[in-house]
Amino acid sequence: MPRYFTDEHEWIDVEGDSATIGITEYAQDQLGDIVFVELPTVGDEVEKGKEAAVVESVKAASDVYAPISGEVTEINSTLEDEPGLVNSSPEDDGWFFRVNVADEGELEGLMDEDAYKEFLANL
Amino acid sequence: MSDDDTPEEQPLGTLPLDAWHRGHGARMVPFAGYEMPIQYEGIVAEHEWTRQSASLFDVSHMGQLSISGENAAAELEKLVPGAVTSLGEGRMRYSLLLTEAGGIIDDLMITNAGPHIALVVNGAVKWDDIAHLREHLPDEITLTHYEDQALLALQGPKAAEVLDALVPGAGELTFMRARSFDWDGTPLWIARAGYTGEDGFEISVHADHAEKLADALTADDRVKPAGLGARDSLRLEAGLPLYGHDLTTEIDPVSAGLGFALSKKRRETGGWMGHQACAVKLGDGCASTRVGLLVEGRMPAREGAPVYAGDELVGKVTSGGFSPTLQRPIAMAYVGAEYAAEGTALEIEVRNKRLPAKVSPMPFVPHRYYRGS
């Protein structure tokens, strides 16, 4: 299952026509203690590059952008009670939401893991 | 993902402990014109450590000033609403620099330091404060800016025992008292004060000795360094207003709920800048006032969020965040005076959602100042 990354520090796992989206280890470390995650609603249409969720750290609110367009099929409701999962397991249990992939072509231009690591090294 | 806290574009200064902070793993951010530590291991951990033990904050960005000369106290009294001439030696007072219209230029600490009057002002506006003081104080009053002094704040319930072990006698100070100490030949000016709501001290030390003092304080297992992030969440829980956010030149002390800083006698005698404007507010009441809000749910309401009573826009949040102690969002807001009563149900709009909130007394977390046994 390929994993892609955005330069806004979201990750996306694509499996068939379903994609799971979250924020990266680097992003959670930059944000610090996360106290609230505002997720989209199942059935919402998200658009590539547009705000799809909000993470609130103690200090500030930060937007999370959809790396791909599609309809939200599932949200990680565990985050409502345990927003800290985004800190402890950002790229696994702390996933945000799933979408139906509308246009696979939108994945072009996203980074693979090696490219993202290089991107981080040059920040 | 994007952080909406965009740093200001300006050349940044470095403070005496810059290398020390970096060596201790601090994340540095631009604040008040300097690179400052926002956090070390994490804001919540540092916040909780301060409430349980003791934390060392670097507040060297703040302005340390003094005024001296004949009638210095009386001349300063013309610019602040608090009594200065009657302030006993070694005693401190919270006060305000005001415009003629009663707007708050800055909030500050005034101490009768014996030969001079010491002032500690906010870092972000210290140059404006200096200009204001210089403009309005007579030429024969000397204004000194101690740019070579660092300022460290040791805050938390264990601060007194830690500091007293290092600097014998420091623990005998009570809240809002200050004096000079000698620490193995290094002069320290220590005040029992702070801005976290906890017992604690602010220690002024020459920049050359700041690292040595920070090392000595953190060598004690009860002390860890803490950053500006925890300082902000602590002061919000303590219900203390932050200049530039909860206090500005658009806000007067009466609306800000700082009536205690307008000394009773001086309300009557006047003779200080802003007196007439404040007297009108004291007589007629204020259109809006600063309140605390307990927000339901977990979504924090930040600075700038509008406050509603039903469909009516009645105010605006000036500070808001998540309280680690209470495990819920809290905020300070200015609301119409008729909505300021404790328990009033209001709503805060955050990203097109209405969050229920209730007017709450402040502090949100009780102060633990040491006023003597």
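In this text the structure is predicted, and so the values were computed from the model without any measurement.

Chemist: Summarise the nonpolar core; cite the residues concerned and give the values.
Modeler: All names here are of chain B. Tyr 94, Ile 104, Leu 247, Leu 293, Val 307, Leu 346 and Ile 348 are the most contacted members of the largest nonpolar core, which totals 63 residues. Residues lining this core come from more than one domain, with at least three contributed by each of domain 1 (13-59 + 148-238) and domain 2 (287-360). Excluding its chain neighbours within four sequence positions, the residues that come into contact with Leu 346 are Leu 293, Val 307, Tyr 308, Ala 309, Val 314, Val 335, Tyr 339, Leu 355, Pro 356, Ala 357 and Val 359.

Chemist: Describe the sheet that holds strand E20 (residues 353-360) of chain B, listing the residues and the values that go with them.
Modeler: Residue and element names in this part refer to chain B. Spatial ordering of the closed barrel is given by E15-E18-E17-E16-E19-E20, a layout of six strands whose pairing is antiparallel. Adjacent strand axes in the sheet meet at a mean angle of 45° when their direction is disregarded. Inspection of the sheet shows strand E16 (residues 306-309) paired to strand E19 (residues 345-350) by two bridges, in the antiparallel sense. Paired with Tyr 308 across the strands is Glu 347, a residue of E19. In the packing of helix H7 (residues 228-237) onto the sheet, the strands contacted are strand E17 (312-323) and strand E18 (328-336), and the crossing angle to E17 comes to about 125°.

Chemist: Can you explain the packing of aromatic side chains? Please cite residues and give values.
Modeler: Overall, the coordinates contain four aromatic pairs over all chains when judged by the stated rule. With a centroid separation of 4.5 Å and an interplanar angle of 5°, the aromatic rings of Phe 5 of chain A and Tyr 116 of chain A are classed as stacked. Of this pair, Phe 5 of chain A sits in strand E1 (residues 3-5) while Tyr 116 of chain A sits in helix H4 (residues 113-121); the two residues are 111 residues apart in sequence, bridging distant segments of the chain. Relative accessible area serves as the criterion here: at 2%, Phe 5 of chain A is assigned to the buried category. Pairing Phe 175 of chain B with Tyr 369 of chain B gives two aromatic rings, centres 4.0 Å apart and planes at 5°, and the pair type is stacked. Of the two residues, Phe 175 of chain B sits in the loop between helix H5 (159-166) and strand E11 (178-183) while Tyr 369 of chain B sits in the segment after E20, which places them 194 residues apart along the sequence.

Chemist: Can you break down the sheet that holds strand E3 (residues 18-23) of chain A residue by residue, with the values?
Modeler: Here six strands make up an open sheet; going across it, the order is E1-E2-E3-E9-E8-E5 (chain A) and the pairing antiparallel. Every interior strand has two partners, whereas the edge strands, E1 and strand E5 (45-46) of chain A, have only one.

Chemist: Now, about the pattern of salt bridges: what can you tell me, with residues and values included?
Modeler: Applying the stated criterion across every chain, the model contains 25 salt bridges over all chains. For the salt bridge of Arg 351 of chain B with Glu 38 of chain A, the shortest nitrogen-to-oxygen distance reads 2.6 Å. Of this pair, Arg 351 of chain B sits in the loop between E19 and E20 while Glu 38 of chain A sits in strand E4 (residues 34-38), which puts the two residues in different chains. The class for Arg 351 of chain B is partly exposed, based on a relative accessible area of 30%. The partner of Lys 78 of chain B in a salt bridge is Glu 75 of chain B, with the nearest N and O atoms 3.2 Å apart. Since its relative accessible area comes to 44%, Lys 78 of chain B is described here as partly exposed. Under the relative-accessibility criterion, Glu 75 of chain B is labelled buried at 15%. Shared partners join several salt bridges into a network, and the residues in it are Glu 38 and Glu 56 of chain A together with Arg 302, Arg 351 and Lys 353 of chain B.

Quick notes on the rules
Residues numbered from 1 in each chain as written. Chains lettered and ligands numbered in written order. Predicted model: local features only at pLDDT ≥ 70, side-chain atom pairs only at ≥ 80, totals over all residues. Heavy atoms only, no water. Core = buried A, V, L, I, M, F, W, Y, C linked by side-chain atoms within 4.5 Å. Buried < 20%, exposed > 50% of the residue type's maximum accessible area, 1.4 Å probe, protein only. Domains from an automatic or database assignment. Contact = heavy atoms within 4.5 Å. Pairing = 2+ DSSP bridges. Helix = DSSP H or I, 4+ residues; strand = E, 2+ residues; numbered from the N terminus. Axes fitted to C-alpha atoms, helices over the stretch in contact; angles between N-to-C directions. Phe/Tyr/Trp six-rings, centres within 6.5 Å; stacked < 30°, edge-to-face > 60°. Salt bridge = Lys/Arg side-chain N within 4 Å of Asp/Glu carboxyl O.

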